[in-house]
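What the coordinates show
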Amino acid sequence: MRLSRFFLPVLRETPAEAQIVSHRLMLRAGMIKQNAAGIYSWLPLGFKVLRKIENIVHEEQARAGHIAMLMPTVQSADLWRESGRYDAYGDELLRIRDRHDRDMLYGPTNEEMITDIFRSHVGSYKDLPLTLYHIQWKFRDEMRPRFGVMRGREFFMKDGYNFDLSKEDALHAYNRHLVTYLRTYERMGLQAIPMRADSGPIGGDDTHEFLVLAETGESEVFYDSAVTDLTFGDREIDYDSVAQCAGVLEEFTSKYARTDETHDQTVFEQQVPQERRRTARGIEVGQIFYFGTKYSDAMGATVQGPDGKPTPVHMGSHGIGVSRLVGAIIEASHDDKGIIWPEGVTPFHCGIVNLKQGDAEADAACESLYAGLTALGLDPLYDDRDERAGGKFATMDLIGLPWRITVGPRGLKNGVVELTSRRTGESEEVPPEEAVKKIADIYRGHHASEHVPMMGNRSFHTYI
C-alpha cells in the first residue's frame, strides 16, 4: 500500500478524553474514531490489526478441531427467560423491543442461543464431543465506558461452547481450550498468565481468566515470578490427548497467580519464596468456563445416552476479547514514540521511507523494494508522500511497524539502504536486495514457527 493512497488520519495532539496509552495511541495513529460513548468505528489501520488477531484466533481454534459458525447480534428475550438470566443479568444487558412489541436484547454472550441450536439438532451421544464457536460483535451497557477499546460497550469477541457427555470429557475440553489460548496469545507476542477466577454471571465453579501484565491493567495481580518464565514455544500438542492437555494446564497453573478477587495473602506467602513474590496490574484478555449442566438442565438440552436414556450434556464456554486485544498489545508493547507491533499482528510487514521523493534514483529504488516485497507475498507500506523526512519517521514510529527500510540518495551512492528494527532501534546498511531478503526471512520464519503455510499475501487460513 502506498501511503499517499491510504486513509491514515494521524493526529499530532492527543485528544483530551484519552486516559491510557492504548487509547491515546489508537486515536493518534488513526486506528479508531469514537461514534458514541464506548462505541468506535475501526478505521483502516485499526481494522487491519483487528483482522490479523481474528485470523490467529480462527487458526488456533481450527487446529484444535473446533468448528466455526456465526450467530446474530440481536437475540430473543424468550431464550434468556428459559435460562433465568433475562432478569438476573443486570443493567449491562441492553433490552430492546421490536416493532411487534417483542422483547429482544443485544447479545453480550451466546450461551442460550447456542444451547437452543444444540437441542434442535443433536440428539445422540454419538454426536459428541462437539465444540462450536464464532467471532461476533457483542454489547454490554457499561455504566462508565472508558479506556477506548479496553472497556467499550460494543466489542468484538470470540466465544466458543463445548458439549460433552460427561464431566470428565467437558474438563478435557476446558484443558484443551487453555492450551489453544496459550498458543494464541504467544503468536500475538503476548504472555498471558492463566489465573483462577470468579465466574460472574456466566456461572460454574471452574474458570480461569488470562491476564497480560500492564501498568494500566484493571486488576491487581499477585503471582510467582517463575510463571513468567513459562512459554508454550513450538511444542506440538495432540489435542485429543487428555493427559497431554491436562499436563500443560498443570504446568501453567500450578504456580501461584491470582487477581485481587481471589488472592489469599497467607497462601501466597506459604507457597512462594519471598524473592519470587510479585505484585502488578493485569489486563484480562480471555476467560474459560466449565459450568456443567446449568444451561442444559434449564433449557432441556439432552442427548440419548449409551443406556438409551435422556442425558443432560455438560457444557463450557470460552471467550477471547479480540478487539480488547488490540489495546492490550499496545499497552504491553509501546514506547514514547508510539506503538511497537509484534510481527504476528502488524498491519503492514514493513515501512519504506523515501527520503527524497522526486529524486529519480530514490524513487526507482523504492519502487523496486515495494515490488520485490509484494512479489514475495508481503504487505509493505510505502511512504511516497512529498513530506519532510522527520515527519515520515514520526509517522512510522507512531504506527509501529516492526521494520523500516529507509532509502536516500546518499546511501544509494554506496549501494545500500538502511534497515531499522522498531523494537530495538538498531539499524544496519545493506544492499536493497538484501533488505528484501531479510524481511522475507523474518516473516517466513515467523510463519514457519506457527506451522501455517503461506499463500500469496495471506496465510492459508484466512477468514475475512
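Throughout what follows, the structure given in this document is the object of discussion. Position numbers for residues count from 1 along each chain, tracking the sequence in the order it is written. Under the rules for a predicted model, residues below a pLDDT of 70 receive no local features and side-chain atom pairs below 80 are neither given nor counted, while totals for whole chains, interfaces and linings still include all residues. The side-chain values count all of the structure's non-hydrogen atoms but skip hydrogen atoms and water molecules.

**Observations regarding the overall build of the chain**
This is how it is decided: Numbering of helices and strands starts at the N terminus; helices are DSSP runs of H or I of at least 4 residues and strands are runs of E of at least 2. Only C-alpha atoms enter the radius of gyration; for comparison, a globular chain is expected to reach 2.2 Å times N to the power 0.38, where N is the number of residues. Relative accessibility thresholds used throughout: buried, under 20% of the residue-type maximum; exposed, over 50%; partly exposed, between the two (1.4 Å probe, protein chains only). Residue contacts follow a heavy-atom distance rule, with two residues in contact if any of their heavy atoms lie within 4.5 Å. What sets the accessible areas is the Shrake-Rupley method with a 1.4 Å probe; for residues, cover comes only from the shown protein chains. We treat Lys and Arg as the positive residues and Asp and Glu as the negative residues; His and chain ends play no part in the count. A charged residue contributes its charge at one atom only: NZ of Lys, CZ of Arg, CG of Asp or CD of Glu.
Each helix and strand in the chain was counted, giving 14 helices and 25 strands. For 464 residues, the compact-globule estimate of 2.2 N^0.38 gives 23 Å, and the chain sits close to it at 24 Å. Along the first, second and third principal axes, the C-alpha set of the chain runs to 80 × 55 × 45 Å. Taking all 464 residues of the chain together, 53% fall into the buried category. When contacts within the chain are restricted to residue pairs at least 6 apart in sequence, those whose partners lie at least 24 apart make up 71%. When the accessible surface of the chain is totalled, it reaches about 20,400 Å², and 47% of it is carbon and sulfur. Treating the 54 positive side-chain charges of the chain as one cloud and the 70 negative ones as another, the clouds have centres 4 Å apart.

**Overview of the pattern of salt bridges**
Going by this rule: Here, a salt bridge means any Lys or Arg side-chain nitrogen found within 4 Å of an Asp or Glu carboxyl oxygen.
One pass over the full model with this rule turns up 31 salt bridges. In this structure, Glu251 engages Arg235 in a salt bridge whose closest nitrogen and oxygen atoms are separated by 3.0 Å. Of this pair, Glu251 sits in helix H7 (residues 242–253) while Arg235 sits in the loop between strand E11 (219–224) and H7, and the two are 16 residues apart along the sequence. In this structure, the salt-bridge partner of Asp383 is Arg385, at a minimum N-O distance of 2.9 Å. Asp383 gets classed as buried once you look at its relative accessible area, which sits at 0%. Ionic contacts of the salt-bridge type, sharing partners, join the residues Glu59, Glu60, Arg63, Arg183 and Arg187 into one network.

**Thoughts on the state of the cysteines**
Condition: Put simply, a disulfide is two cysteine sulfurs that come within 2.5 Å.
Per the counting criterion, the structure on display carries zero disulfides. Cysteine Cys366 remains unbridged, with the sulfur of Cys350 as its closest cysteine sulfur at 11 Å. Overall, Cys366 belongs to the buried group, its relative accessible area being 0%.

**Re the pairing of strand E8 (residues 154–164)**
Counted only if it meets this: Two strands are counted as paired when DSSP detects at least two bridges linking them.
Burial runs high along E8: 10 of the 11 residues are buried. When strand E7 (residues 130–139) meets E8, the two strands line up antiparallel, connected through 10 bridges. Along E8, the bridge assignment pairs Tyr133 with Gly160. As defined by bridge partners, E8 adjoins strand E16 (residues 314–321) across eight bridges and the pair is classed as antiparallel. What sits directly across from Met157, in E16, is Gly321.

**Topic: the packing of aromatic side chains**
Under the convention used in this document: Ring geometry is summarised as follows: Phe, Tyr and Trp rings, the Trp one being its six-membered ring, pair when their centres sit within 6.5 Å, and such pairs are stacked at plane angles under 30 degrees, edge-to-face over 60 and tilted between the two. The criterion for a charge sitting over a ring is simple: Lys NZ or Arg CZ within 6 Å of the ring centre, and within 35 degrees of the ring normal.
Within the structure shown, the criterion is met by 12 aromatic pairs. The interplanar angle of 45 degrees and the centroid separation of 6.1 Å between the aromatic rings of Tyr370 and Tyr382 together place this pair among those described as tilted. Taken together, the positions of Tyr370 in helix H11 (residues 360–375) and Tyr382 in strand E20 (residues 380–383) put the pair 12 residues apart, joining distant regions of the chain. With a relative accessible area of 1%, Tyr382 lands in the buried category. Among the aromatic residues, those joined into a cluster by ring pairs are Tyr181, Tyr185 and Phe210. Over the ring of Tyr370 we find Arg2, and its NZ or CZ is 4.8 Å from the ring centre. Over the face of the ring belonging to Tyr86 we find Arg81, whose NZ or CZ atom lies 4.5 Å from the ring centre.

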